[in-house]
Number of protein chains: 2
Amino acid sequence: MDDLQIAKSASLIPPADVAAAMGLDPALLEPYGTDVAKVRLDAVAAMADRPKAKYVIVSAITPTPLGEGKTTTTVGLGQALNRTGRKATIAIRQPSMGPTFGIKGGAAGGGYSQVVPMEKLNLHLTGDFHAVTSAHNMLSAVLDNHLYQGNAAQLAPHSITWRRVLDINERALRNVVTGLGGRMDGIPRESGFDISSASEVMAILALATSLTDLRERLGRIVVGYTGEGKPVTAEDIQGAGAMAVLLKDALMPNLLQTLENTPALVHAGPFGNIAHGNSSVVADQIGIRTGEYLVTEAGFGADMGAERFFNIKCRTSGLAPDAAVVVATVRALKAHSDKYTIVAGKPLPEELLTENPDDVRAGAANLRKQVENMRRHGVSPVVAINAFPTDFDSEHRAIAEIAEELGARSAVCTHFADGGAGATDLADAVAEAAAEPSEFRLLYPDEMPLREKIETVAREIYGADGVDYTGPAAKQLDSYEANGFGTLPVCIAKTHLSISSDPTLKGAPTGWRLPVREVRASVGAGFVYPICGDMRTMPGLGANPAAHRIDIDENGETVGLF
Amino acid sequence: MDDLQIAKSASLIPPADVAAAMGLDPALLEPYGTDVAKVRLDAVAAMADRPKAKYVIVSAITPTPLGEGKTTTTVGLGQALNRTGRKATIAIRQPSMGPTFGIKGGAAGGGYSQVVPMEKLNLHLTGDFHAVTSAHNMLSAVLDNHLYQGNAAQLAPHSITWRRVLDINERALRNVVTGLGGRMDGIPRESGFDISSASEVMAILALATSLTDLRERLGRIVVGYTGEGKPVTAEDIQGAGAMAVLLKDALMPNLLQTLENTPALVHAGPFGNIAHGNSSVVADQIGIRTGEYLVTEAGFGADMGAERFFNIKCRTSGLAPDAAVVVATVRALKAHSDKYTIVAGKPLPEELLTENPDDVRAGAANLRKQVENMRRHGVSPVVAINAFPTDFDSEHRAIAEIAEELGARSAVCTHFADGGAGATDLADAVAEAAAEPSEFRLLYPDEMPLREKIETVAREIYGADGVDYTGPAAKQLDSYEANGFGTLPVCIAKTHLSISSDPTLKGAPTGWRLPVREVRASVGAGFVYPICGDMRTMPGLGANPAAHRIDIDENGETVGLF
């Protein structure tokens with residue numbers, strides 16, 4: 001059975017029953033169809049005196065281009081915790097529709113560890129991405145109208161940083177010229193579209209701690225600069241209020257469930273490179289009061305997703321994690337030995353599939369560094385060995401031994417094939433790790449200057465020798481410090497395919513320097529993001545995209561979405 | 001109290017109770033929040049053996065730029081029918097978000113004749129407009145990707161008619177150049193964005209008779225032509241299946257209610273000039289089985305909205321109307337005397353507000369022609385005299401006398417101020433008119449050639465002496481006939497501010513010819529649309545748009561939306 005078939009054969013329970021199992025008053029739900037509900041933000045206050053769950057972050061070693069199963073592990077672990085008598089809720093990002101119709105065809109875990117209803121999750125769900133798209137483009141329209149009506153804020157046209165967004169893979173919109181036509185058709189200028197998950201509005205939705213905080217963050221969005229370099233905000237051009245109204249419902253987290261009826265809060269989907277790549281703060285504010293464990297996921301490898309989870313998301317929410325799962329696979333460790341090349345969309349090299357625990361050990365450096373990085377933040381690490389049918393026991397043992405050398409717990413898990421039953425050892429290991437006293441600490445304080453923050457992450461987390469800035473990057477940093485953005489955390493946009501900034505370097509490379517090409521600021525979301533290398537913020541469709549295959553059959557059922 | 005305050009003080013009943021009052025099994029609902037539900041399409045079959053309601057269309061005389069209260073009258077009439085012991089449901093279009101943040105700030109009727117929840121209705125509602133936007137832009141992405149991947153369909157780039165859409169007022173997107181940047185960023189070409197309500201996908205959503213029919217119509221969309229003039233369809237470039245999946249939920253009508261709990265089906269919102277401007281066929285298929293009366297609305301004046309309701313929508317659905325309400329106001333009749341100029345956004349001329357039944361009579365020609373046009377389709381007309389506080393009884397009497405001369409029923413109504421209680425006379429008049437045997441007939445048969453269809457509408461409905469075609473328009477008509485589109489009905493895109501094609505001509509002008517500048521085809525939706533004059537398909541924001549005022553207050557409540 002493919003993922004869509006497994007998902008369709010699931011036995012879902014009503015959202016009210018899911019809520020009741022979480023200790024969440026079903027009156028706090030707003031239904032969206034029969035299988036999905038939004039949770040009203042009143043839930044935060046209503047549940048404030050309930051005990052706090054253990055807070056578990058799931059991240060991974062530096063992945064191959066295929067991904068190593070973080071969402072699947074998050075789902076499997078949640079199911080396993082519940083199966084072993086521990087009340088758990090999971091919190092994950094909402095997938096973007098663009099890739100669903102591009103290469104992927106859907107993302108909600110996989111096999112017997114999925115969030116359902118899969119079809120809704122991968123399409124409109126409750127419209128949050130559409131609300132982000134609308135709010136973002138509303139500000140774009142207000143901005144272009146501001147220019148057209150006389151530009152009272154004296155925006156320097158070439159300094160405008162605010163673009164437009166669509167939740168679609170559309171390379172032809174990356175670079176456009178707008179405002180063409182006659183005198184009544186706007187002011188011509190260069191601009192472009194990003195995918196909606198790359199919108200600062202998405203990052204704001206994910207980081208806002210309340211509706212009031214959302215409104216304030218929207219107001220702080222910097223859309224461009226005056227000729228003198230003074231930032232012009234969404235508030236300055238009167239665009240933030242309308243955005244807040246468009247986002248009001250979207251700020252309520254979505255309640256779904258896994259195939260085994262584990263509660264799943266699905267909310268927001270910010271990019272994992274130019275943004276922090278974590279699900280929402282409000283979902284965690286609610287989820288943390290709903291049982292004994294809240295398991296959430298951070299995008300890409302731990303050097304990216306988990307570092308931002310700690311230093312951006314937890315800094316904002318004030319919540320402290322108790323355990324950090326690092327997902328590892330045999331294929332990824334073998335790839336980190338630098339003896340194999342894995343390309344997305346192509347079959348794995350045959351020699352990678354032969355029994356070879358030595359190559360697993362040869363790729364240990366990356367896992368070692370990622371586990372150390374968890375410790376650096378004071379959080380107990382657990383290595384989840386995500387098993388594939390092509391693995392050998394000797395290879396799993398090799399990973400377990402590496403973990404043991406690091407003093408970290410580990411467990412082999414088969415939740416893809418077996419659901420929660422395949423991750424009970426992992427659940428036990430996570431429960432033990434989370435029971436240790438949390439010594440969570442941020443990597444750097446707010447008041448550290450931006451350059452030092454960047455260098456701290458580069459040296460301590462990535463293992464770089466230092467940081468090199470281009471002239472423009474250095475100027476941007478100076479101007480951000482001068483404009484008062486220096487107290488923001490940093491979100492370093494680099495490749496996710498290496499712990500370094502060079503996607504071809506495997507393992508845990510040393511003797512390299514992080515090259516910062518430019519630096520941008522998401523002032524509303526609340527971070528500065530240095531860009532290292534080429535960052536795509538709008539994907540394209542391939543020669544044979546999922547969009548060509550996705551259809552309805554003669555019974556009106558969706559096909560091709562898996 | 002403003003409209004938003006009235007709407008917020010409404011006593012809503014649960015959607016399940018609204019459904020039960022309609023004889024609609026609440027199990028056929030999918031809830032969207034607490035006050036809105038979608039109606040599953042299974043309802044059509046489930047209710048097939050219930051008696052058919054009388055089918056009432058609400059249209060108007062040629063309006064002033066302020067509008068004459070069609071939606072308000074539709075709501076008021078529905079409420080009044082229920083108040084007088086007749087079971088009625090109303091069916092209206094969903095408002096577009098673009099104008100909500102532009103000049104209007106919201107549209108759902110007004111005063112004590114509104115559809116609620118007003119805030120949801122004017123914002124995302126259940127996401128149908130977003131689904132249309134997504135589906136439309138998905139086809140755009142598939143199309144640009146088709147060009148990029150080698151253009152197997154041999155589309156001539158300059159013949160591409162498929163653009164993009166956003167539900168926003170955004171003049172700077174009317175004309176754009178896309179595909180700029182490097183070799184990896186698509187094929188550069190001129191294009192542009194329309195507002196989502198102008199999308200052919202919106203017209204398809206409104207005209208589809210089932211999910212299967214929707215899928216087929218999407219496949220028939222013509223995106224452009226080969227160098228030899230052969231049409232290239234959405235099916236040809238493998239884009240229609242993904243669109244259907246994106247639109248599956250959107251095809252289910254939305255169930256809301258009026259301030260007096262009259263059931264309101266709100267579904268689809270196609271443009272009233274380049275499209276047919278009527279709410280959906282599926283909503284009417286369901287609504288026609290839910291009581292004794294189904295009251296629906298047609299956009300703009302009767303020469304536009306009602307003519308298309310008859311010859312496009314009823315042709316598609318097979319449903320036959322039993323009565324046609326023509327909304328008339330004192331101010332509009334006075335304006336048709338051609339002695340006053342009314343400008344949107346400015347106060348009415350003072351002299352128009354003085355008692356002057358002679359000027360009302362001087363403007364009778366337009367009302368007379370619109371009423372005759374209803375008769376031409378075999379439908380009994382009723383003149384609804386929509387009263388304003390500034391009117392005089394003598395002026396209302398003047399309108400009633402004109403109606404009487406035409407042998408048409410009429411009633412003064414005050415539903416804006418008084419709700420359903422203000423429209424009980426209208427309800428009685430409509431009930432009498434609908435009780436007469438329906439002699440509904442289409443204005444022209446499918447097999448009539450396109451030119452004859454255009455001339456039939458121009459002469460018989462608009463009162464033109466004939467039609468003039470530009471060279472390109474004549475060529476387009478020839479090519480559409482050659483391509484097999486000649487059996488489609490026509491949707492003439494002209495100004496709504498005159499029954500002629502010249503917005504400055506009031507009353508019922510004669511001695512003029514309809515100038516057809518170009519002709520386009522919405523083959524998927526199923527009509528050909530000749531364009532007479534300048535048609536804006538993407539509005540802009542004004543100097544002081546509602547977007548600047550709409551905000552949340554300190555309690556998180558929406559303000560500025562009225």
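Given the structure is predicted, the values throughout are model-derived calculations rather than measurements.

Focus on the confidence of the model for chain A
For chain A, per-residue confidence averages 96 on the pLDDT scale, and residues scoring 70 or more make up 99% of the total. Interface predicted TM-score (ipTM) for the complex: 0.96; the corresponding pTM is 0.97.

Concerning the relation of the copies chain B and chain A
Mapping chain B onto chain A calls for a screw motion: a turn of 180° about the axis and a shift of 0.0 Å along it, with 0.0 Å RMSD after fitting. As the rotation angle and translation indicate, the two copies are arranged about a two-fold axis. By C-alpha distance to the rotation axis, the residue of chain B lying nearest is tyrosine 32 of chain B, at 2.2 Å. The overlap is high: 100% of the interface residues of chain B also sit at the interface in chain A, so the same surface is used on both sides.

Some details on the packing of helix α7 (residues 128-148) of chain B against helix α10 (residues 240-247) of chain B
Residue and element names in this part refer to chain B. The interhelical angle for the contact between α7 and α10, taken along N-to-C directions, is 170°, at an axis separation of 9 Å. Classified by the interaxial angle, the pair formed by α7 and α10 is roughly antiparallel. Across the interface between the two elements, Ala131, Val132, Ser134, Ala135, His136, Met138 and Leu139 from α7 touch Ala242, Met243, Leu246 and Leu247 from α10. Class assignment for the residues of the contact of α7 with α10 results in nine nonpolar, two polar and no charged.

What about the packing of helix α19 (residues 450-462) of chain B against helix α20 (residues 471-482) of chain B?
Residue and element names in this part refer to chain B. Put simply, α19 and α20 touch, their axes get as near as 10 Å, and they point 125° apart. Classified by the angle their axes make, α19 and α20 are oblique. Contacts from Leu450, Arg451 and Ile454 in α19 reach Ala474, Leu477, Asp478, Tyr480 and Glu481 in α20. Across the contact of α19 with α20, the residue classes break down as five nonpolar, no polar and three charged.

Quick word on the side chain of serine 317 of chain A
Note on placement: serine 317 of chain A falls in helix α12 (residues 302-317). In this structure the side chain of serine 317 of chain A is engaged in a polar contact, spanning 3.1 Å, whose partner is the backbone nitrogen of leucine 319 of chain A.

Observations regarding the environment of glycine 471 of chain B
Residues and elements named next belong to chain B. Along the polypeptide, glycine 471 turns up in helix α20. Under the relative-accessibility criterion, glycine 471 is labelled partly exposed at 48%. Spatially, the C-alpha atoms of glycine 471 and glycine 227 are 19 Å apart, while their sequence positions differ by 244 residues.

As for the packing of aromatic side chains
If you walk through the whole model with that rule in mind, you get 12 aromatic pairs over all chains. Look at tyrosine 480 of chain B and phenylalanine 485 of chain B: their rings are 6.0 Å apart centre to centre, the planes differ by 40°, and that puts the pair in the tilted class. A single burial state applies to tyrosine 480 of chain B and to phenylalanine 485 of chain B, both of which are buried. Measuring from centroid to centroid gives 6.2 Å for phenylalanine 527 of chain B and tyrosine 529 of chain B, while their planes differ by 65°, and the two rings are edge-to-face. An aromatic cluster of three or more residues is present, and its members are Tyr55, Phe309, Phe310 and Phe440 of chain A. Positioned over the ring face of tyrosine 462 of chain A is lysine 494 of chain A, at 4.8 Å from the centre of the ring.

Re the interface of chain B and chain A
At the junction of the two partners, chain B supplies 67 residues and chain A supplies 67 residues. Between chain B and chain A lies a buried interface of about 5700 Å² when both sides are counted; carbon and sulfur atoms form 60% of it. It is Arg171, Val245 and His548 of chain B in chain B that bury the most area against chain A; as a group they hold 10% of the surface buried on that side. Inspection of the region where chain B meets chain A yields 12 salt bridges. Connecting chain B to chain A are 37 residue pairs in polar contact (both at pLDDT 80 or more). Elements supplying a minimum of two residues to the side of chain B that touches chain A: β1 (29-32), α6 (118-122), α7, β7 (164-166), β8 (176-178), α9 (211-220), α10 and β23 (551-552) of chain B. It is α7 of chain B that provides the largest number of residues to the side of chain B that touches chain A, a total of 11 residues.

Some points on the pattern of salt bridges
Counting across every chain of the model gives 65 salt bridges over all chains. Arginine 163 of chain A is the partner of aspartate 194 of chain A in a salt bridge, and the nearest nitrogen-oxygen pair spans 3.0 Å. With aspartate 194 of chain A in strand β10 (residues 193-195) and arginine 163 of chain A in the loop between α7 (128-148) and β7 (164-166), this pair connects stretches of sequence that are 31 residues apart. The exposure class assigned to arginine 163 of chain A is partly exposed, which follows from its relative accessible area of 24%. Look at the salt bridges and you will find they share partners, linking Lys8, Glu119 and Glu557 of chain A together with Lys248 of chain B into a network.

Focus: the side chain of asparagine 373 of chain B
Relative to the elements of secondary structure, asparagine 373 of chain B occurs in helix α15 (residues 364-376). Setting aside residues no more than four positions away along its own chain, asparagine 373 of chain B makes contact with Glu460, Ile461 and Ile499 of chain B.

Rules used in this analysis
Residues numbered from 1 in each chain as written. Chains lettered and ligands numbered in written order. Predicted model: local features only at pLDDT ≥ 70, side-chain atom pairs only at ≥ 80, totals over all residues. Heavy atoms only, no water. pLDDT = per-residue confidence, 0-100. Least-squares fit on C-alpha atoms with pLDDT ≥ 70 in both. Contact = heavy atoms within 4.5 Å. Axes fitted to C-alpha atoms, helices over the stretch in contact; angles between N-to-C directions. Helix = DSSP H or I, 4+ residues; strand = E, 2+ residues; numbered from the N terminus. Parallel < 35°, antiparallel > 145°, perpendicular 65-115°, else oblique. Nonpolar A, V, L, I, M, F, W, Y, C, P; charged D, E, K, R; others polar. Polar contact = N/O pair within 3.5 Å; in protein donor to acceptor, adjacent residues only side chain to side chain. Buried < 20%, exposed > 50% of the residue type's maximum accessible area, 1.4 Å probe, protein only. Phe/Tyr/Trp six-rings, centres within 6.5 Å; stacked < 30°, edge-to-face > 60°. Lys NZ or Arg CZ within 6 Å of the ring centre and 35° of its normal. Buried area = accessible area lost by both parts, 1.4 Å probe. Salt bridge = Lys/Arg side-chain N within 4 Å of Asp/Glu carboxyl O.

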